[in-house]
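Below, each chain spelled out in residue letters.
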Amino acid sequence: MAAQLTTLKAAQADGMYYPPNWRPEMGSLDKMHGSHHLTHQAKKIKEGILIVRIELPFPIWCTGCNNKFALATRYTAEKFCVGKYLSTPVYKFKMKCHKCPQMHEMRTDPANFDYVCVSGCRRDVRSWDMEENGQVSFTDSAERARLDNDPMFALEKGKNDKNVHDERKPELLKLKIQNAKKHGDSFKLNRALRAGLRYAKMHESEATDEEKAMAKVIMAQKVKSASSGGKKAANKLSGAKRTLTLAKLGVTKSKRAKSSALESESKESAPAVPSCKPALICDYSDSSEDES
């Protein structure tokens, strides 16, 4: 990994252009040109302000236009240090509302691992108590540990939950009846909807009256052309197929007849040649007749 980083740094250094008037005692190119390596982000660096891009850590309300902005809305903000909590710096962000001239100011809160609205905006507080609104609250970790380790507590809690369920049964039944009256049976409604879609799709795929009439005219023309040709047309077609096949093979009846006639004429005109045995190369023989 270190070798790769070294190679990248060397490539970046080689890619920089150093003008002819540059000397090593001038330092870096940024120092020579009087610029900062952060370019536009450091236009207020002399005042201790850095231009950064920030996302809202929580939803806020603007006190100027009274509009609500959602979580993770991005702003271009000025960032500067306003103090320290122990050894951790506390940063402040200043940004302009994109719907009015109001300026929003927020700062970090290292003690509580959070952000705090300073001016120009207020935090959107969302609190919901499940028990106050008639809901069953979630079991926290301490209660879950006690349920696992204390059987009597688990038995008592199970009995209390059952009593709550029995008490709320009439309310649940009323809600089910109201829902059925308002919306009906969801299964039957879904079934009827799908059946209607299938019926519409089947009729859309059928041919129209104009297409059926055109198909009848085309079929009548095909029947007339087939009846007028009859067997002759079929014979011609089959003969043409056979001729093409023989032509591809290079064999035809006329050529066969001519070739057979030429062969018979050549046999009749040619004189009879007596058959002769090949002459012996020497008179030597191993047979007993020659010895005698």
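Quick caveat, the model's predicted, so the values are computed rather than measured. (Residues numbered from 1 in each chain as written. Predicted model: local features only at pLDDT ≥ 70, side-chain atom pairs only at ≥ 80, totals over all residues. Heavy atoms only, no water.)

> What should I look at first to understand the overall build of the protein chain in this one?
Helix and strand counts for the protein chain come out as eight helices and eight strands. By the burial criterion, 11% of the 292 residues in the protein chain qualify as buried. Of the contacts made within the protein chain by residues no fewer than 6 positions apart, 32% connect residues no fewer than 24 positions apart. Entry remark: accessible area of the protein chain is about 25400 Å², with carbon and sulfur atoms responsible for 57%. (Helix = DSSP H or I, 4+ residues; strand = E, 2+ residues; numbered from the N terminus. Buried < 20%, exposed > 50% of the residue type's maximum accessible area, 1.4 Å probe, protein only. Contact = heavy atoms within 4.5 Å. Areas by Shrake-Rupley, 256 points an atom, 1.4 Å probe, with all protein chains shown as cover.)

> Would you mind going over the packing of aromatic side chains with me for this structure?
The geometry of two aromatic rings is summed up by the distance between their centres and the angle between their planes. Per the stated rule, a full pass over the model turns up one aromatic pair. If you follow R123 out to its NZ or CZ, it ends over the ring of F58, 4.0 Å from the centre. The ring of F153 has R146 lying over it, and the distance from NZ or CZ to the ring centre is 4.0 Å. (Phe/Tyr/Trp six-rings, centres within 6.5 Å; stacked < 30°, edge-to-face > 60°. Lys NZ or Arg CZ within 6 Å of the ring centre and 35° of its normal.)

> What is the right way to look at the nonpolar core in this model?
Most often, soluble globular proteins keep nonpolar side chains buried together rather than apart. Core analysis: the largest hydrophobic core is formed by 14 residues, its most contacted members being I54, L56, I60, F69, Y75, M95 and M106. Mapped onto this core, the elements with two or more residues apiece are β2 (60-62), β4 (74-85) and β5 (88-96). Once residues lying within four places of it in the same chain are set aside, the contact partners of I54 are T73, R74, Y75, A77, F93 and M95. (Core = buried A, V, L, I, M, F, W, Y, C linked by side-chain atoms within 4.5 Å.)

> Can you help me understand the environment of A77 in this one?
When you line up the elements, A77 lands in strand β4. In this structure the C-alpha to C-alpha distance between A77 and K96, which are 19 residues apart in sequence, comes to 7.7 Å.

> I'm lost on the pattern of salt bridges in this one. Help?
Evaluation of the coordinates by the stated rule reveals six salt bridges. The residue K44 makes a salt bridge to E78 at a minimum N-O spacing of 2.7 Å. Here K44, found in the loop between α2 (29-33) and β1 (50-55), pairs with E78, found in strand β4; they are 34 residues apart in sequence, far enough to count as distant. (Salt bridge = Lys/Arg side-chain N within 4 Å of Asp/Glu carboxyl O.)

> Where do I start with the packing of helix α3 (residues 141-149) against helix α4 (residues 151-183) in this structure?
What describes two packed helices is the angle between their axes and the distance between those same axes. Their axes nearest at 5 Å, the elements α3 and α4 cross at an angle of 110°. As far as their axial angle goes, α4 and α3 are roughly perpendicular. Judged by residue contacts, E143, R146, L147 and N149 of α3 engage P151, F153, A154 and K157 from α4. Taken together, the residues of the contact of α3 with α4 break down into four nonpolar, one polar and three charged. (Axes fitted to C-alpha atoms, helices over the stretch in contact; angles between N-to-C directions. Parallel < 35°, antiparallel > 145°, perpendicular 65-115°, else oblique. Nonpolar A, V, L, I, M, F, W, Y, C, P; charged D, E, K, R; others polar.)

> Where do I start with the pairing of strand β7 (residues 114-119) in this structure?
Alignment of strand β6 (residues 103-109) against β7, held across five bridges, turns out to be antiparallel. Of the residues in β7, the one forming a bridge with M106 is C117. Linking two consecutive strands that pair antiparallel, namely β6 and β7, is a turn of four residues; a positive phi of about 55° is found at F113 within it. (Pairing = 2+ DSSP bridges.)

> Whenever I open this one, the environment of V52 confuses me. Can you help?
Counting through the fold element by element, V52 comes out in strand β1. Each C-alpha atom of the pair V52 and A77 lies 5.5 Å from the other, and the pair is 25 residues apart in sequence. Those residues within four positions of V52 in sequence are excluded, and the remaining contacts are Y75, T76, A77, K79 and F93.

> Would you take a moment to explain the sheet that holds β5 for this structure?
Strands in a sheet are paired, the pairing made by backbone hydrogen bonds, and the direction either parallel or antiparallel. If you walk across this open sheet you meet the five strands as β1-β4-β5-β6-β7, and the pairing is antiparallel. Only two strands of the sheet have a single neighbouring strand rather than two, namely β1 and β7. Averaged over neighbouring strand pairs, the angle between their axes works out to 40° when direction is ignored.

> It is not clear to me how the confidence of the model for the protein chain should be interpreted in this structure. Could you clarify?
Low-pLDDT stretches of the model should not have their predicted coordinates read in fine detail. When pLDDT is averaged along the protein chain, the result is 75; 70% of the residues meet or exceed 70. In the predicted structure, residues 233-249 sits below a pLDDT of 50 and forms one contact with residues beyond four places in sequence or in another chain. Note that residues 275-292 has pLDDT below 50 and, in this model, one contact with residues that lie over four places away or in other chains. (pLDDT = per-residue confidence, 0-100.)

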